[in-house]
Amino acid sequence: AQPAVPFELALLPADVPDQSYQFVRSPQAQTLFHAVPGASILVRGRQARWWRLTALRDIDPGGSPQLVMSHPFLKRMEVWRPGDSLGVRRALYGPDSDLSHSALSHVVPLPQGLRAGESVYLRIRSSSNVVSTLSIEPLAAVYARDGAYNRMRTFFLTALGVVALLSIGFSISLRQRGYSYLAATLLTQVITLAIEGGDFRANPWLSAIATDRRTAILLNTAAVLASVRFLRFFLDLPATQPRVTRALDACSAVLGTLLVVSVFHIWPWTSFFGNGVLLIVIATIVLACVRAIGERRPEAFILLAAWAPLMTVLVVRIGGQAKWWPNYEWLRSAYPWAVTFGGLALLWGFTHQHGAILRSAVRQLSRDRDSARQRAAYDGLTGVLARPAFEDALATAVAGAHASGRPLCAAFIDVDRFKLVNDAYGHAIGDEVLRIVAKRVGNRLRADDCLGRYGGDEMVLLLPNTALVEALRLADQLRQAIVASPFAIDGALIDIDLSLGVAQLRAGEPAVELLKRADSALYASKRNGRGRVSGDEEWTQVAS
Ligand SMILES: Nc1nc2c(ncn2[C@@H]2O[C@H](COP(=O)(O)OP(=O)(O)OP(=O)(O)O)[C@@H](O)[C@H]2O)c(=O)[nH]1
């Protein structure tokens, strides 16, 4: 059976003084190389190291074999074949950058393939502690993987960009600055992913920024600071968990100082120290979320679920850097997944939460609107229809009567000499008189009749399906109900009488005309001595 990895790796110790091609190739150097199991490369320290790759079987030149090194960010690779005058150099950024492949790996062609036992030498320099894997693959396989990788990156960057833009939108439209911290968190991640994805390599100025150690520290620190600010806002921590807030604020102050200092100087312990603070921040965030979940706050659950994968990846990465466990290779691909998952989960959470808030606000609004309508429709003093609502009812009744040809009458009702009641007993008693008139009249109406207050002591009555003669009779009954017994209010007995004016709708007549004629009839009642009902024709007057 063929070995899974068709080559054997060996590493030359770092303290070999001579780094020339001639030396590494010499029999003396060959004895110094020590075998390394598997195909993984981890370069510790910042010096370049020579690796020897020896084919265990013939690697056929057909299919254009390529030597591939994964995770190329911050790693320079030179591949030298004995016999060549110069090695082939690869780096993600800078003059050795190879633009014919994605930033997924460094790729060097092996045009003649390799014969069993033949060696190539790799000089690798790295300022990253992420493990790389070596493989030899046909060119087509390299391109296929590049394509898949680019599609995935497009998904990550688009998703994060969209969530960041939506967060900015939330921040502006809801006037809640907290969401802009989330946008800042996601944008720093987008920039980090773009840098690691080699997106800035075509521009020398951006390349310089991308490969500067300070950039990574600044971006990572800014992301942590922004996400802490977001958490503080999203869980309303200052109000709900003041001690946790103080702890997070202290961590933020330390990280902020580190961020500013890093612009000028980076000590070897800078990232170690920063990672320590980050671990405290993560522990505090988990604590804050768990406590808030205990208080049945769904937003805390959303936040914890969204950030759990990212926090796990960060802890594993920090542990790897601190050598608590190996620097797992899956970390690099897990990171963009975790960030994107976090962004999308929070977006879903917001939509869910704002949807719930929006739905309850809409329900409240429609309740308010209904009760406002209710209040506006009825007169506050008498409880009968207020004038606008009465006019609506009148318009409907007039249209209905015109359409059906059924009779419709309107009657104006006015309390006689009401001013004297007010003057003699006071305004409050006057109010009570109006209430009693409305009540006594209202009690005698039929289901379809409709009573409204038109203003002052004047009310108006709609009598559908009623012809004038019948309406006059009804109006007189109403008047009789008022005059039958004096109003007993606060120990006083007050005699009240009404004047009424009735009119019947004529064919095609608009509502205003009907009211005008009913009003003239009322005026006739007043003119003829009050305490009576008049129709809008002379002959329809009903004397008291
Ligand atoms: N208590 C009370 N008085 C009101 C209210 N609205 C109007 N008024 C009074 O009602 C009186 C209306 O008087 P008018 O209808 O002009 O005259 P009147 O005294 O009723 O005499 P006639 O209508 O000619 O029989 C005025 O004195 C108003 O101040 C109210 O809501 N409450």
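Preceding this section is the structure that the text describes.
Fair warning: this is a prediction, and the values are worked out from it, not measured in the lab. (Residues numbered from 1 in each chain as written. Predicted model: local features only at pLDDT ≥ 70, side-chain atom pairs only at ≥ 80, totals over all residues. Heavy atoms only, no water.)

Chemist: Outline the overall build of the chain, supporting the account with residue identities and numerical values.
Modeler: Looking only at helices and strands, one finds 16 helices and 17 strands in the chain. Within the chain, the fraction of its 544 residues that count as buried is 49%. Within the chain, counting contacts between residues at least 6 apart in sequence, those at least 24 apart form 72% of the total. Looking at the chain as shown, the accessible area adds up to about 27000 Å², and 60% of this sits on carbon and sulfur atoms. (Helix = DSSP H or I, 4+ residues; strand = E, 2+ residues; numbered from the N terminus. Buried < 20%, exposed > 50% of the residue type's maximum accessible area, 1.4 Å probe, protein only. Contact = heavy atoms within 4.5 Å. Areas by Shrake-Rupley, 256 points an atom, 1.4 Å probe, with all protein chains shown as cover.)

Chemist: Could you give an account of the sheet that holds strand S8 (residues 105–109), naming the residues involved and the relevant values?
Modeler: Spatially, S3-S10-S5-S8 is the arrangement adopted by the 4 strands of the open sheet, whose pairing is antiparallel. With one partner strand each, in any of the chains shown, strand S3 (40–41) and S8 form the two edges of the open sheet. Note: S3 against strand S10 (residues 132–138), 2 bridges, orientation antiparallel. In the strand pairing of S10, Ile-41 is matched with Ser-132. (Pairing = 2+ DSSP bridges.)

Chemist: Now, about the site of the ligand: what can you tell me, with residues and values included?
Modeler: As a matter of local geometry, the ligand sits amid 17 residues, with Arg-417, Lys-419, Asn-422, Asp-431 and Arg-453 nearest to it. Summarising the interface, the protein chains cover 66% of the accessible area of the ligand, which totals 650 Å² for the free molecule. Looking at the shell around the ligand, the elements that each hand over two or more residues are strand S11 (408–415), helix H13 (418–425) and helix H14 (427–443). With 4 residues, the single largest contributor to the shell around the ligand is H14. Here the shell around the ligand is built from residues that sort into 4 nonpolar, 4 polar and 9 charged. (Near = heavy atom within 4 Å. Nonpolar A, V, L, I, M, F, W, Y, C, P; charged D, E, K, R; others polar.)

Chemist: Now, about the pairing of strand S12 (residues 450–455): what can you tell me, with residues and values included?
Modeler: Among the 6 residues that make up S12, 5 are buried, leaving the element largely enclosed by the rest of the structure. Hairpin connection of S12 to strand S13 (residues 458–464): 2 residues between the antiparallel strands, including Gly-456 at a positive phi of 55°.

Chemist: Could you give an account of empty space enclosed by the protein, naming the residues involved and the relevant values?
Modeler: What the rule picks out here adds up to 1 cavity of 30 Å³ or more. What lines the largest cavity is Arg-90, Ala-91, Leu-92, Asp-98, Ser-102, Ser-105, His-106, Val-107 and Arg-201. Per-element tally for the lining of the largest cavity: the top contributor is S8, with 3 residues. In terms of residue class, the lining of the largest cavity is made up of 3 nonpolar, 3 polar and 3 charged. (1 Å grid on protein atoms, 1.4 Å probe; cavity = no way out; pocket = protein on both sides within 12 Å on 5 of 7 lines; lining within 4 Å. Points joined across faces, edges and corners; volume = space filled by probe spheres on them.)

Chemist: Run through the sheet that holds S13, naming residues and quoting values.
Modeler: What the 5 strands build is an open sheet, ordered S12-S13-S11-S16-S17; its pairing is mixed. Each edge of the open sheet is held by one strand with a lone partner, namely S12 and strand S17 (533–535). For this sheet, the mean angle separating the axes of adjacent strands, direction not counted, is 20°. Of the pairings in the sheet, the one linking strand S16 (residues 498–504) to S17 comprises 3 bridges and is parallel in character. Bridge assignment links Gly-501 to a residue of S17, and that residue is Ser-534. Together, S11, S12, S13, S16 and S17 form the strand contacts of helix H16 (residues 511–527), whose direction differs from that of S16 by roughly 145°. (Axes fitted to C-alpha atoms, helices over the stretch in contact; angles between N-to-C directions.)

Chemist: Could you give an account of unusual backbone geometry, with specific residues and numbers?
Modeler: A positive phi angle, close to 55°, is found at Asn-465, a residue other than glycine. In this structure, Asn-465 sits in the loop between S13 and helix H15 (468–483). One non-glycine residue, Asp-490, lies in the positive phi region at around 50°. Tracing the backbone shows Asp-490 in the loop between strand S14 (487–489) and strand S15 (492–494). The class for Asp-490 is exposed, based on a relative accessible area of 73%.

Chemist: Help me get a handle on the side chain of Ser-102, residues and values and all.
Modeler: You can see Ser-102 is positioned in the loop between strand S7 (88–90) and S8. In this structure Ser-102 comes out as buried when scored by relative accessible area, which is 8%. A polar atom in the side chain of Ser-102 sits 3.0 Å from the backbone nitrogen of Leu-104. Of the polar contacts made by the side chain of Ser-102, one reaches the side chain of Asp-146; its length is 2.7 Å. Setting aside residues up to four positions removed in sequence, Ser-102 forms contacts with Asp-146, Tyr-149, Asn-150 and Arg-201. (Polar contact = N/O pair within 3.5 Å; in protein donor to acceptor, adjacent residues only side chain to side chain.)

Chemist: How would you explain the pattern of salt bridges if you had to name every residue and give the values?
Modeler: Applying the stated criterion across every chain yields a total of 24 salt bridges. Between Arg-435 and Glu-432 there is a salt bridge, with the nearest N and O atoms lying 3.0 Å from each other. Taken together, the residues Arg-435 and Glu-432, both in helix H14 and 3 residues apart, mark about one turn of the helix. Glu-432 sits in the partly exposed class, given a relative accessible area of 27%. (Salt bridge = Lys/Arg side-chain N within 4 Å of Asp/Glu carboxyl O.)

Chemist: Which residues make up a nonpolar patch on the surface, and what values do they have?
Modeler: A surface patch of nonpolar side chains, about 510 Å² in accessible area, is lined by Val-254, Trp-267, Trp-269, Phe-272 and Phe-273. Checked against the element boundaries, Trp-267 lands in the loop between helix H8 (242–264) and helix H9 (270–294). (Patch = residues over 30% accessible without salt bridge, like charges linked within 9 Å, V, L, I, M, F, W, Y side chains within 5 Å.)

Chemist: Account for helix H6 (residues 213–234), with residues named and values stated.
Modeler: Each α-helix winds once per 3.6 residues, and so residues spaced three or four apart point in a common direction. Relative to the 32 Å expected for 22 residues at 1.5 Å per residue, H6 spans 32 Å between its end C-alpha atoms, a close match to the ideal helical length. The distance from a side-chain oxygen at the start of H6 to the backbone nitrogen of Arg-214 is 2.9 Å, and the residue carrying that oxygen is Asp-212. Phi turns positive one or two residues past the end of H6, at Asp-236, with a value near 50°. (Expected span 1.5 Å × (residues − 1).)

Chemist: I'd like a description of the nonpolar core, backed by residues and values.
Modeler: Membership of the largest hydrophobic core comes to 52 residues, with the highest contact counts inside it found for Phe-230, Leu-231, Val-281, Leu-303, Trp-307 and Leu-346. For this core, the secondary-structure elements that each account for two or more residues are helix H3 (139–173), helix H4 (178–196), H6, H8, H9, helix H10 (298–321) and helix H11 (330–377). Of all the elements, H10 adds the most residues to this core, at 12 residues. In this view, Leu-231 contacts Asp-236, Leu-237, Leu-248, Ile-285, Cys-289, Leu-303 and Trp-307; residues no more than four positions away in its chain are not counted. Grouped together as the second largest cluster of nonpolar side chains are 36 residues, Val-415, Ile-436, Leu-463 and Val-502 included. (Core = buried A, V, L, I, M, F, W, Y, C linked by side-chain atoms within 4.5 Å.)

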